[in-house]
Amino acid sequence: MDGSSTKIKLLMTNKKYKQIFVWNAISASFIAENIQKHSSKTDIGAHSIFLGQVRSDIIDGKKVKAIEYSAYEEMALEKMHEIRESIFLKYPLTCMHVYHSLGTISAGEICFFVFTSATHRKEAIDACEEVVELIKTTLPVWGKELFEDST
Amino acid sequence: MDGSSTKIKLLMTNKKYKQIFVWNAISASFIAENIQKHSSKTDIGAHSIFLGQVRSDIIDGKKVKAIEYSAYEEMALEKMHEIRESIFLKYPLTCMHVYHSLGTISAGEICFFVFTSATHRKEAIDACEEVVELIKTTLPVWGKELFEDST
Amino acid sequence: MQITVSTFGQLAELTSPKIIVSDVADTVMLQQKLEEKYPCLQNITYAITVDKKIIAINTAINAASSVALLPPFSGG
Amino acid sequence: MQITVSTFGQLAELTSPKIIVSDVADTVMLQQKLEEKYPCLQNITYAITVDKKIIAINTAINAASSVALLPPFSGG
């Protein structure tokens, strides 16, 4: 892996809420660094990770080559803050990290990364699944398919 | 990340069944390489990953510094083969990877890695959770706590 | 009184990323004006937010309100 | 007839990684002999496998059988 690929440009941090949006795709090495950082937290027994990857679906006979993501960022960060608070109230998590790409993400690239850690597996797994569902259904983010014939 | 850390020594492959055991800890870069390999499979929309990390629990006043894992390997690989078959029958997965460490794994290191991929998130998430449960409950693997006072 | 409405996703392409609407005091009036200006909105599912909250009932708005139209979410 | 029983996990330390037992034709007889030799087994939860399958009922064994004692699993 190329070291430079680990650099992820976080959008300028909102003063009130934690930033989750990153420009471009989420690299495997960025994920690895996130995992590695948790090795010092020896009360963690389980990590659950969800990754969303852009599919090259065929829609009306045209093949998706990328998805262009946009968001209503201010609202999304406020909403994400609410999700975070509700999840930490419900599950005894050690930590939780969420990243979502904005901009054009090619098929095969990772656009969404949810990472929960807990002492026991059930909490990490259940929390991760719930965060993924909440983000998919309540976060104002939009993906627009871009097709191979450039339309 | 040091490139050399990505080398994981798989135990000699059993002729009949896919090997899941690796010597020593599972590195973050090994996980990253596994993720990266899936970028060419553009029918994948979702990856679900579970990682088990060794905790430094306090047991009878002594702090766990590592866990030494052993297995009844022949039986475990046969059992894992059954689990794999049942999971692929039940869920439309694109792929599934399982690795479990043997030997001494220090607190904070990763000893268990389950990775499922599917077109849609629900299948990947449900399959991952089920595989983790089945492995924890039916695979003949044992962890022995090693304590800081070297007893 | 002028309201600037932000639109997102597919709606930004079908209408305009920023729509300026005059003489509206609440979201029902706003919606009528918007659907007059962009008839395509009548056939599209969208939510209206005021100050980053999706509104379910008629809500008063003024020049200081942050108003947006959101098509169904498709992130993640 | 000799049976070599493999033991795993904590059981390997409490007994021996390999236990040789003579004159047993089935797993009930085997279990009796093992608990005579290692009385600690009477107070330990363990499963017996024959040819890599956990057995729930008395099962015939012979010199070719692969027999093992497994304490509760704790992997993952």
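1. Quick look at the overall build of chain A
Helix and strand counts for chain A come out as three helices and seven strands. Ordered by position from N to C terminus, the α and β elements of chain A give β-α-β-β-β-α-β-β-α-β. Scored against the burial criterion, the 151 residues of chain A give a buried share of 54%. For chain A, the proportion of contacts with a sequence separation of at least 24, taken over those separated by at least 6, is 75%. When the accessible surface of chain A is totalled, it reaches about 6,600 Å², and 51% of it is carbon and sulfur.

2. Looking at the relation of the copies chain A and chain B
For these two chain copies, the linking operation is a rotation about an axis paired with a shift along it. When chain A is fitted to chain B, the residual RMSD is 0.0 Å, and the transformation amounts to a turn of 180° plus an axial shift of 0.0 Å. These values place the two chain copies in the arrangement generated by a two-fold rotation axis. When the interface residues of chain A are mapped onto chain B, 100% of them again lie at the interface, so the same face is used by both copies.

3. Focus on the interface of chain C and chain A
Taken together, the contact between chain C and chain A spans 16 residues of the former and 20 residues of the latter. Contact between chain C and chain A buries roughly 1,500 Å² in total, counting both sides, with carbon and sulfur atoms accounting for 55%. Counting the surface chain C buries against chain A, the share from its top three residues, K52(C), F73(C) and G76(C), is 46%. For E82(A), the salt bridge goes to K53(C), with nearest N and O atoms at 3.0 Å. The interface formed by chain C and chain A holds eleven residue pairs in polar contact (both at pLDDT 80 or more) in total. For the side of chain C that touches chain A, the secondary-structure elements that each account for two or more residues are α1 (9–14), β4 (53–54) and β5 (67–70) of chain C. The class makeup of the residues in the side of chain C that touches chain A is seven nonpolar, six polar and three charged.

4. Notes on the side chain of N34(A)
All names here are of chain A. With respect to the helices and strands, the residue N34 is situated in helix α1 (residues 28–37). Of the residues examined, N34 reaches a relative accessible area of 4% and is grouped as buried. Not counting the four nearest positions on each side in its chain, N34 is found in contact with H97, Y99, F113 and F115.

5. Considerations on the packing of helix α3 (residues 121–138) of chain A against helix α3 (residues 121–138) of chain B
Two elements in contact, α3(A) and α3(B), have axes separated by 12 Å at closest approach and are oriented at 180°. The angle between the axes of α3(A) and α3(B) places the two elements in the roughly antiparallel class. The residues of α3(B) that touch α3(A), namely those facing R121(A), K122(A), I125(A), D126(A), E129(A), V132(A), E133(A) and K136(A), are R121(B), K122(B), I125(B), D126(B), E129(B), V132(B), E133(B) and K136(B). Among the residues forming the contact of α3(A) with α3(B), the class breakdown is four nonpolar, no polar and twelve charged.

6. Considerations on the packing of aromatic side chains
Taken as a whole, this structure holds 16 aromatic pairs over all chains when the rule is applied. Ring plane angle 80° and centroid distance 6.3 Å describe the contact between F30(B) and F113(B), whose orientation is recorded as edge-to-face. With F30(B) in helix α1 (residues 28–37) and F113(B) in strand β6 (residues 110–118), this pair connects stretches of sequence that are 83 residues apart. Considered together, F30(B) and F113(B) belong to a single accessibility category, that of buried residues. Here a set of aromatic residues connected by ring pairs shows up, and it is made of F30(A), Y99(A), F113(A) and F115(A).

7. Looking at the sheet that holds strand β3 (residues 47–50) of chain C
Residue and element names in this part refer to chain C. Taken together, five strands build an open sheet; the order of strands is β2-β1-β5-β3-β4 and the sheet is mixed. Across the chains shown, the open sheet's two edge strands, defined by having one partner strand only, are β2 (18–22) and β4. The pairing of strand β1 (residues 2–7) with β2 spans five bridges and is antiparallel. If you follow I3 over to β2, its bridge partner there is V21. Sitting on the sheet, helix α2 (residues 27–37) is in contact with β1, β2, β3 and β5, with an inclination near 115° to β2.

8. Let's talk about the arrangement of the chains
Ranked by contact count, the leading pair among the three pairs of chains in contact consists of chains A and B. Between chain B and chain C there is no contact, and the shortest C-alpha to C-alpha distance separating them is 10 Å.

9. Remarks on the pattern of salt bridges
What the rule picks out here adds up to 18 salt bridges over all chains. In this structure, the salt-bridge partner of D57(B) is R55(B), at a minimum N-O distance of 2.8 Å. With relative accessibility at 28%, the residue D57(B) sits in the partly exposed group. Of the charged contacts in the structure, one is a salt bridge between K90(B) and E130(B), with a shortest N-O distance of 2.9 Å. With a gap of 40 residues between them, K90(B) in helix α2 (residues 73–90) and E130(B) in helix α3 connect regions that are remote in the sequence. The class of K90(B) is exposed, set by a relative accessible area of 52%. A single network of salt bridges, built from pairs that share partners, joins E78(A), K79(A), E82(A), K52(C) and K53(C).

Conventions adopted
As a convention, each chain's residues are numbered from 1 in the sequence order in which they are written. Lettering for chains starts from A, numbering for ligands starts from 1, and both go in the order in which the items are written. This being a predicted model, a pLDDT of at least 70 is required before a residue's local features are given, and a value of 80 or more before pairs of side-chain atoms are given or counted; all residues contribute to the totals for chains, interfaces and linings. Note that the side-chain values use all heavy atoms of the structure and ignore hydrogens as well as water. Here a helix means four or more residues in a row that DSSP labels H or I, a strand means two or more in a row labelled E, and each is numbered from the N terminus. Only protein chains enter the accessibility calculation, which uses a 1.4 Å probe; a residue whose area is less than 20% of its type maximum is buried, one above 50% is exposed, and one in between is partly exposed. Should any heavy atoms of two residues lie within 4.5 Å, those residues are counted as being in contact. Areas reported as accessible are Shrake-Rupley estimates using a 1.4 Å probe. Residue values count occlusion only from the protein chains shown. Least-squares superposition aligns the copies on the C-alpha atoms of those residues with pLDDT at or above 70 in both. Accessible-area loss on putting two parts together, using a 1.4 Å probe and summing over both, is the definition of buried area adopted here. Each reported salt bridge corresponds to a side-chain nitrogen of Lys or Arg within 4 Å of a carboxyl oxygen of Asp or Glu. By the criterion applied in these results, polar contacts are pairs of N or O atoms within 3.5 Å in which, for protein atoms, one can donate a hydrogen and the other can accept it, and in which residues neighboring in sequence qualify only through two side-chain atoms. In this count, Pro and Cys sit with the nonpolar residues alongside Ala, Val, Leu, Ile, Met, Phe, Trp and Tyr, while Asp, Glu, Lys and Arg are called charged and the others, Gly among them, polar. The angle between two axes is taken between their N-to-C directions and runs from 0 to 180 degrees, where each axis is a line fitted to C-alpha atoms and a helix contributes only its stretch in contact. For classification purposes, angles smaller than 35 degrees are called roughly parallel, those larger than 145 roughly antiparallel, those between 65 and 115 roughly perpendicular, and all remaining angles oblique. Any two of the Phe, Tyr and Trp rings considered here, Trp counted by its six-membered ring, make a pair once their centres fall within 6.5 Å; the pair's planes then place it as stacked at under 30 degrees, edge-to-face at over 60, or tilted in between. A pair of strands is treated as paired once DSSP finds two or more bridges between them.

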